[in-house]
Amino acid sequence: MGIEVIGVDADDTLWHSEGHFAVTEQRYVELLEPWVDGDDVHQALLATERRNLAVFGYGVKGFTLSMIETALTLTGNRVGGEQIERIIEMGKELMSHPVELLDGVADALGELGDGHRLVLITKGDLFHQESKVAASGVAELFEAVEVVAEKDPATYARVLTRLGSRPARFCMIGNSVKSDIAPVLELGGAGVHVPYHVTWEFERAEVDESHPRLARVREIREAPAAVAALSGTAT
């Protein structure tokens, strides 16, 4: 009676994502330099995103709208149509950016799928996330794809109910402690944290490092061994 279902995060676990946002935000800061200091732009954009999460949710579209709103607010509506058009183009470029798998993803998923049911669990814009999954080349390795509005214990519980499984036999693999690890441990599942070199401010969180159902690895190719070790904690 070990791990039966393995959930896998998408952005920054299977493919690069946050790094592209960081590059776009730097270009955005440079665009507003005639009006606002760069540090002020970063902080104001973060505050706008935080307010807008409940309205737009996660993803590129909400990020783009928050960039436009922040630009208008910080410049007292002095920013011109040319700059707004450029911000919209930045958003479109993010939406159409090619999917770039992290090293070792295909092999790791192949190993994880041997004896386990794999489900991709990601949050964000439904259209964008589904298009990235389709373009990734690994969609066929998953029994199901769940694009959710939020990753919390209730969401994971609903996913497991649909799969006919239970938390004790579930393990989530992901780069975000806040979204992929903490809520699953709270629910009674196991978690494998695979850090990414860039972490969005809203995904920063702490977790008890001594938790018996938590494993940390350096890269996803180490995840199968970590899941095997955690299987002994399932009941």
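Further up the page is the structure itself.
Residues numbered from 1 in each chain as written. Predicted model: local features only at pLDDT ≥ 70, side-chain atom pairs only at ≥ 80, totals over all residues. Heavy atoms only, no water.

> Go over the nonpolar core with me, naming the residues and quoting the values.
Grouped together as the largest cluster of nonpolar side chains are 29 residues, with contacts concentrated most on Ile6, Leu14, Leu109, Phe142, Ile173, Val192 and Val227. Only strand E1 (5-8), helix H5 (105-112), strand E2 (117-123), strand E4 (170-174), strand E5 (190-193) and helix H9 (223-230) provide two or more residues apiece to this core. Apart from the residues within four sequence positions on either side, Val192 is in contact with Cys171, Met172, Ile173, Gly174, Ile181, Ala215, Val217, Ala223, Ala226, Val227 and Leu230. One finds Val41, Val60, Ile84 and Leu94 within the second-largest nonpolar core, a separate group that totals 18 residues. (Core = buried A, V, L, I, M, F, W, Y, C linked by side-chain atoms within 4.5 Å. Buried < 20%, exposed > 50% of the residue type's maximum accessible area, 1.4 Å probe, protein only. Helix = DSSP H or I, 4+ residues; strand = E, 2+ residues; numbered from the N terminus. Contact = heavy atoms within 4.5 Å.)

> Tell me about the packing of helix H1 (residues 18-31) against helix H4 (residues 81-95), and name the residues and values.
Taken N-terminus to C-terminus, the directions of H1 and H4 make an angle of 170°; their axes are 11 Å apart at the nearest point. Accordingly, the angle class assigned to the pair H1 and H4 is roughly antiparallel. Contact residues: His20, Phe21, Thr24, Arg27, Tyr28 and Leu31 in H1; Gln83, Arg86, Ile87, Met90, Glu93 and Leu94 in H4. When grouped by side-chain class, the residues that make up the contact of H1 with H4 number six nonpolar, three polar and three charged. (Axes fitted to C-alpha atoms, helices over the stretch in contact; angles between N-to-C directions. Parallel < 35°, antiparallel > 145°, perpendicular 65-115°, else oblique. Nonpolar A, V, L, I, M, F, W, Y, C, P; charged D, E, K, R; others polar.)

> For the packing of helix H7 (residues 153-163) against helix H8 (residues 177-187), give the residues involved together with the corresponding values.
It is the contact of H7 with H8, at a shortest axis distance of 8 Å, that shows an interaxial angle of 75°. Judged by the inter-axis angle, H7 sits roughly perpendicular to H8. Only Ser179, Asp180, Pro183, Val184, Glu186 and Leu187 of H8 make contact with H7, whose side of the interface consists of Pro153, Tyr156, Ala157 and Leu160. Counted by class, the contact of H7 with H8 contains seven nonpolar, one polar and two charged residues.

> Give a description of helix H3 (residues 60-74) that names residues and reports values.
Because the α-helix completes a turn every 3.6 residues, residues three or four places apart line up on one side. Taking 1.5 Å as the rise per residue, H3 with 15 residues should run 21 Å; its terminal C-alpha atoms sit 21 Å apart, in good agreement. Restricting attention to buried positions, one finds in H3 the residues Val60, Gly62, Phe63, Thr64, Ser66, Met67, Ile68, Thr70 and Ala71. On the buried face of H3, the contacting elements are H1, helix H2 (38-56), H4 and helix H6 (126-136). Residue Gly76 follows H3 closely and has a positive phi angle near 60°. (Expected span 1.5 Å × (residues − 1).)

> Report on the packing of aromatic side chains, specifying residues and quantitative values.
All told, the structure shown has four aromatic pairs when counted by the stated rule. Relative to Phe63, the ring of Phe21 lies with its centre 5.1 Å away and its plane at 70°, an arrangement referred to as edge-to-face. Of this pair, Phe21 sits in helix H1 while Phe63 sits in helix H3, and the two are 42 residues apart along the sequence. For Phe21, a relative accessible area of 17% translates into the label buried. (Phe/Tyr/Trp six-rings, centres within 6.5 Å; stacked < 30°, edge-to-face > 60°.)

> Could you give me a rundown of the sheet that holds E2, with the residues and numbers involved?
Taken in spatial order, the six strands of this open sheet run E3-E2-E1-E4-E5-E6, and their pairing is parallel. Every interior strand has two partners, whereas the edge strands, strand E3 (144-148) and strand E6 (214-216), have only one. Here the strands of the sheet are splayed against their neighbours by 20° on average, with no regard to which way each runs. Pairing of E4 with E5 involves four bridges; the strand directions are parallel. Its bridge partner lying in E5, Gly174 is registered against His193. The strands touched by H7 within the sheet are E1, E2, E3 and E4, with E2 carrying the most contacts at an inclination of about 145°. Of the strands in this sheet, E1, E4, E5 and E6 are in contact with H9, which crosses E5 at around 155°. (Pairing = 2+ DSSP bridges.)

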